[in-house]
Amino acid sequence: MWYSLIGEIMKKIGLIIILLLLVNSCGKNNSFPQVEVSKNFKATDEKIINKNNYVSYNGKLKVNGTKLVNQFNEKIILKGISSHGIQWYNDFINKDSIKILKNEWNTNVFRLAMYTEENGYITNKKIYSDLIKDIDLLISEDMYVIIDWHILSDGNPNKHKSDAIEFFDKVSKKYANKPNIIYEICNEPNNTSWSEIKLYATDVIKTIRNNTKDSIIIVGTNTWDKDVLDPINDRIEDDNVMYALHFYSGTHTEFLRERAKKALDNNLPLFVSEWGTSKADGSNGTYLEEAKKWMDFMEQNDLSWCNWSLTDKNESSALLKPGSSKTNFTDSDLTESGKFIKSILTK
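Cut-offs applied
- Residues numbered from 1 in each chain as written.
- Predicted model: local features only at pLDDT ≥ 70, side-chain atom pairs only at ≥ 80, totals over all residues.
- Heavy atoms only, no water.
- Helix = DSSP H or I, 4+ residues; strand = E, 2+ residues; numbered from the N terminus.
- Buried < 20%, exposed > 50% of the residue type's maximum accessible area, 1.4 Å probe, protein only.
- Contact = heavy atoms within 4.5 Å.
- Areas by Shrake-Rupley, 256 points an atom, 1.4 Å probe, with all protein chains shown as cover.
- Pairing = 2+ DSSP bridges.
- Right-handed = clockwise from strand over helix to strand, strands pointing away.
- Phe/Tyr/Trp six-rings, centres within 6.5 Å; stacked < 30°, edge-to-face > 60°.
- Lys NZ or Arg CZ within 6 Å of the ring centre and 35° of its normal.
- Axes fitted to C-alpha atoms, helices over the stretch in contact; angles between N-to-C directions.
- Core = buried A, V, L, I, M, F, W, Y, C linked by side-chain atoms within 4.5 Å.
- Polar contact = N/O pair within 3.5 Å; in protein donor to acceptor, adjacent residues only side chain to side chain.
- Salt bridge = Lys/Arg side-chain N within 4 Å of Asp/Glu carboxyl O.

Caption draft 1: Expanded view of the overall build of the protein chain. Per the secondary structure count, the protein chain includes 11 helices and 10 strands. Of all 347 residues assigned to the protein chain, the portion counted as buried reaches 54%. Taking as baseline every contact in the protein chain between residues at least 6 positions apart, the subset at least 24 positions apart corresponds to 75%. Entry remark: accessible area of the protein chain is about 17000 Å², with carbon and sulfur atoms responsible for 52%.

What follows is the structure in structure tokens.
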């Protein structure tokens, strides 16, 4: 019996000796063995962003073929509204109206139409401060923002090229690190040529690229953004340029869809930065059956778009009836065009 007791004591002594040897070994290095942590590991308390349709998830966009993709190379389609000229209807751009468009209409982009002529930026520089307030508001709402240099009566964009270069240098420096911003550098060139438009675009794009290397830039095409075949064999050398296609369903029908399809088949990326349900002049009622054909076409080809326009102007393309609230408009304030657009965005 005492033999077995001595045996148990010897086992315990042996264990104590082994433990003492281990402690002594660790003591030589003044530390216990360390676990190596990967150099790529980072402790972070960053908020995890759930997948959504806005900037907080999608980040800075880029062009992939004819598609827009987000920072994860996932396809994204921007759908939203364009303002009317901010020199006339800027009061409709406010926190309440933008929240309605975002939360109730499901838009993720808003286009700020800053006319150059027609009492626009060229002769009315004070609207720059209105533009900046609008941009900052839209950024705060997690929206994508198209800054639209809205040429129209000027026709050839080179007419005010020096002003454009000064403007885009200033605004692209200010928002160089904001993934929200998309630059539309010439709204609707007309009575000119693609060679003239490209000459202008090359210089303006160079200015923007000095400040932001990869923001999306939309370039207009001749005949109010209808001549989308012209750039196919004479493209602007920039990976994140898209070409504007504009249509109004009461004027532009299958012939323009066929032209747009040919451009897409030739890998030319298009962005429908303005379209309306009316005639091209914004009047003469709505043409909703043709608009539905355009909706199908844009859906089939993953085209991003902005509808003209957030205003209560007495014209068919306006979203709101004359005299509507600028801040808390409801369905009863919507025109036929407004009802149709909301139904498309919320279906």
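Caption draft 2: Up close: the pairing of strand E10 (residues 305-310). Most of E10 sits inside the fold, with six of its six residues counted as buried. Inspection of the sheet shows strand E3 (residues 79-83) paired to E10 by five bridges, in the parallel sense. Residue pairing for E10: glycine 80 is matched across the bridge by cysteine 306. This β-α-β element, strand E9 (residues 270-276) to helix H10 (residues 288-300) to E10, shows right-handed connectivity.

Caption draft 3: Region of the structure containing the packing of aromatic side chains. Under the criterion given, the structure shown has 16 aromatic pairs. One aromatic cluster in this structure is built from Tyr121, Tyr128, Trp149, Phe167, Phe168 and Tyr183. Against the face of tyrosine 121 rests lysine 125, its NZ or CZ located 4.8 Å from the ring centre. The ring of tryptophan 294 carries the charged tip of arginine 257 above its face, separated from the ring centre by 5.1 Å.

Caption draft 4: Seen up close, the sheet that holds strand E8 (residues 241-248). The parallel closed barrel is built from eight strands, whose spatial order is E3-E4-E5-E6-E7-E8-E9-E10. Geometrically, the sheet is characterised by an average inter-axis angle of 30° between neighbouring strands, direction not taken into account. Taken together, the four bridges between strand E5 (residues 144-150) and strand E6 (residues 181-184) define a ladder with parallel strand orientation. By the bridge assignment, valine 145 is partnered in E6 with isoleucine 181.

Caption draft 5: Seen up close, the environment of aspartate 134. Secondary-structure assignment places aspartate 134 in helix H5 (residues 127-140). For aspartate 134, a relative accessible area of 3% corresponds to the buried category. A C-alpha to C-alpha distance of 6.8 Å links aspartate 134 and isoleucine 93, two positions 41 residues apart in sequence. If we ignore the near neighbours within four places in the chain, the residues touching aspartate 134 are Ile86, Asn90, Ile93 and Leu112.

Caption draft 6: Region of the structure containing the nonpolar core. Grouped together as the largest cluster of nonpolar side chains are 77 residues, with contacts concentrated most on Ile135, Phe168, Ile185 and Val219. In terms of residue count, the dominant contributor to this core is H5 (eight residues). In this structure, valine 219 is in contact with Ile185, Cys186, Trp194, Ile197, Ala201, Ile205, Ile236, Val241, Met242, Tyr243 and Ala244, ignoring residues within four places of it in sequence. By size, the runner-up hydrophobic cluster in this structure holds 16 residues, among which are Val55, Leu61, Tyr144 and Ile216.

Caption draft 7: Fine view of helix H4 (residues 95-104). Where H4 is concerned, the buried positions are Ser97, Ile98, Ile100, Leu101 and Lys102. On the buried face of H4, the contacting elements are E3, strand E4 (109-115), H5 and E10. A distance of 3.2 Å separates the backbone nitrogen of aspartate 96 from a side-chain oxygen at the start of H4, and that oxygen is part of asparagine 94.

Caption draft 8: Examining the pattern of salt bridges more closely. Throughout the structure, instances matching the rule amount to 24 salt bridges. Here glutamate 74 makes a salt bridge to lysine 51, at a shortest N to O gap of 3.9 Å. On the criterion of sequence distance, the pair formed by glutamate 74 in the loop between strand E2 (67-69) and E3 and lysine 51 in the loop between helix H1 (2-27) and helix H2 (55-58) is long-range, its members being 23 residues apart. Residues lysine 60 and aspartate 214 are paired through a salt bridge, measuring 3.0 Å at the closest nitrogen-oxygen approach.

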